[in-house]
Amino acid sequence: MSTTAQLTVELAERAYPIHFSDSLNPLQKDVAALRAANRSIRVLSDAKVLDAQPDILVKAGFKREEILSLPSGETTKSIEHLSQSLSFLATDSMNRDCSLFAFGGGVIGDLAGYVAASYLRGIDFYQIPTTLLSMVDSSVGGKTGINLPEGKNLVGAFWQPKAVYINTALLETLPPREFAAGLAEVIKYGMLYDLDFFKELEKVNTLTANAPELAGVVRRCCAIKAEIVVNDEKETASSGGRALLNLGHTFAHAIENVAGYGHYLHGEAVAIGLNLATQLSVKLGQLKAADIDRVKALIERCNLPTQLHNPLSIIELMAAMQKDKKNRAGKLRFVSMQTIGEAITTEEVDYALIESLWQEVGAK
Ligand SMILES: NC(=O)c1ccc[n+]([C@@H]2O[C@H](COP(=O)([O-])OP(=O)(O)OC[C@H]3O[C@@H](n4cnc5c(N)ncnc54)[C@H](O)[C@@H]3O)[C@@H](O)[C@H]2O)c1
């Protein structure tokens, strides 16, 4: 029997449902409704996703000629593929009542969202996430965008989807390394917002794509993300707010930047970043030292790293952190924990302290 449930992201006139279902029903129903209303439909996806899940879109009611297949990988979040995707809509003279669906991971979701935000100054957009990371994080919250040669996510818009369709059965074809990378964001939610959820994760033996606990875990992450986004949609709160979702990310972005994009998957860099954020919280006198081992144990059980594979340069890591777009008024901005399950934003952090933390994970 299929299970269906729904959660609403309560953003007033931009409120939208997140459908959780192990069947295609909610998606099929909405596609049929769009067709009945004579709305045009287009889909952006990536070649690997379409290979791994060849029948889903057709079963859901999409036509093959409505789908644009883009190359898999981070480089697809580029001006070139933005241009290709906009032309895909424009050559078929799509008008404002066209609906654009993203079928893929965070790369396709971020690109398609930005295409939808830009085309004719904004068309409807729907997310069908296919990676764990995109189910628990990027498909919810409306951050869309692309990369420039100068850096990641430098161009974008806030553009909320009209609906998100989450079906964890799609994860069965996801490579294990990608699955593990998504788990870093799952652990992050427990650490920043929900001690009970963190404890539940500690109890689960191994969270795999077909684990019975997975659907509930994904749903809990979406609920946390939705709650945080609703209270600070555009990340403008002077403290706390949406920025808390960046727990571990100031470190992670520096690792990705210095190691070269692609060396670590984003979630792998986040895992090391979560270890560092825990150590920072201990050094700031907020957490007890034993929490470091507790967090490390959970990260390692998820087949994620807590240390750098090769030593990176501390000077380069510090320089990369200073370029982080989350910094305010020239000050480094970190998210730390007061206890596991409760995070805060912290601005007055001594540079020497951060340098010493980098040594702890193997930087030189
Ligand atoms: N908008 C946001 O709030 C937000 C939040 C976090 C991350 N992001 C962005 O998300 C991106 C990373 O997303 P990602 O980790 O999903 O990566 P991704 O989209 O590159 O997908 C990872 C890999 O898995 C493959 N894949 C996807 N689904 C599959 C499936 N079901 N079966 C087999 N293969 C599959 C893809 O082809 C790709 O090779 C980054 O660009 C990051 O900046 C955005």
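Conventions and cut-offs
- All residue numbers refer to positions counted from 1 along the written sequence of the respective chain.
- Predicted model: local features are reported for residues with pLDDT of at least 70 only, side-chain atom pairs are reported and counted for 80 or more only, and whole-chain, interface and lining totals are derived from all residues.
- Segmentation of the chain into domains, including their bounds, is taken from an automatic or database domain assignment.
- Contact between residues is assigned whenever the C-beta positions, reconstructed from backbone atoms, fall within 7 Å.
- In DSSP terms, a helix is any run of H or I states spanning at least four residues, a strand is any run of E spanning at least two, and both are numbered starting from the N terminus.
- Around each residue's C-beta, the other C-beta atoms within 10 Å are counted; 20 or more make the residue buried, 12 or fewer make it exposed, and counts in between make it partly exposed. All C-beta atoms are placed from the backbone.
- Each residue gets a C-beta atom placed from its backbone. If that atom is within 6 Å of a molecule or strand, the residue is near it.
- Three classes are used: nonpolar for Ala, Val, Leu, Ile, Met, Phe, Trp, Tyr, Cys and Pro, charged for Asp, Glu, Lys and Arg, and polar for all others, with Gly counted as polar.
- To define a nonpolar core, we join buried Ala, Val, Leu, Ile, Met, Phe, Trp, Tyr and Cys residues through C-beta atoms within 7 Å and take the resulting set.
- Each axis is a line fitted through C-alpha atoms, taken for helices only over the stretch in contact, and angles between the N-to-C directions span 0 to 180 degrees.
- Throughout this description, any angle smaller than 35 degrees is read as roughly parallel, any larger than 145 degrees as roughly antiparallel, any in the 65 to 115 degree range as roughly perpendicular, and the remainder as oblique.
- In this scheme the crossing of two helices becomes right-handed for a clockwise turn of the near helix relative to the far one and left-handed for an anticlockwise turn of less than a right angle.

Draft legend 1. Spatial organisation of the domain arrangement of the protein. Taken as a whole, the protein is organised into domain 1 (4-172) and domain 2 (176-360). Using C-alpha coordinates to define each centre, domain 1 is positioned 26 Å away from domain 2. At the junction of the two partners, domain 1 supplies 20 residues and domain 2 supplies 25 residues. Counting residues per element, the ones that place at least two in the side of domain 1 that touches domain 2 are β1 (4-9), β2 (16-21) and α6 (132-138).

Draft legend 2. Unusual backbone geometry, seen in detail. Despite not being glycine, Arg121 shows a phi value in the positive range, around 60°. Relative to the helices and strands, Arg121 is located in the loop between α5 (106-118) and β6 (124-129). Residue class for Arg121 comes out exposed when judged on the 7 C-beta atoms lying within 10 Å of it. In this model, Asn153 sits at a positive phi of 55°, which is unusual for a non-glycine residue. Inspection of the secondary structure puts Asn153 in strand β8 (residues 151-158).

Draft legend 3. Highlighting the site of the ligand. Taken together, 29 residues lie around the ligand, and Lys48, Gly105, Gly106, Thr131 and Ser138 are the ones closest in. Of all the secondary structure elements, the ones that give two or more residues to the shell around the ligand are α2 (47-52), α5 and α6. When the residues that make up the shell around the ligand are grouped by side-chain class, the tally is seven nonpolar, 14 polar and eight charged.

Draft legend 4. Quick peek at the nonpolar core. In terms of nonpolar packing, the biggest core is built from 110 residues, with Leu44, Ala112, Ala116, Ile187, Met191, Ile255 and Leu274 touching the most fellow members. Looking at this core, you find at least three residues from each of domain 1 (4-172) and domain 2 (176-360). If near-sequence neighbours (up to four positions away) are discounted, Ile255 is found in contact with Tyr264, Ala269, Ile272, Gly273 and Leu312.

Draft legend 5. Structural view of the packing of helix α10 (residues 249-259) against helix α13 (residues 314-322). Where α10 meets α13, the closest approach of the two axes is 8 Å, and the angle between their N-to-C directions is 120°. Judged by the inter-axis angle, α10 sits oblique to α13. As for how α10 packs across α13, the hand of that crossing is right-handed. Touching Thr250, Ala254, Asn257 and Val258 of α10 are Glu316, Leu317, Ala320 and Met321, all from α13. Classifying every residue of the contact of α10 with α13 gives five nonpolar, two polar and one charged.

Draft legend 6. Quick look at the packing of α13 against helix α14 (residues 351-360). Packing of α13 against α14 leaves a shortest axis separation of 10 Å and a crossing angle of 125°. Of the possible angle classes, the one that applies to α13 and α14 is oblique. The handedness of the crossing between α13 and α14 comes out as right-handed. Of the residues in α14, those touching α13 at Ile314, Leu317 and Met318 are Tyr351, Ile354, Glu355 and Trp358. Of the residues contributing to the contact of α13 with α14, the split by class is six nonpolar, no polar and one charged.

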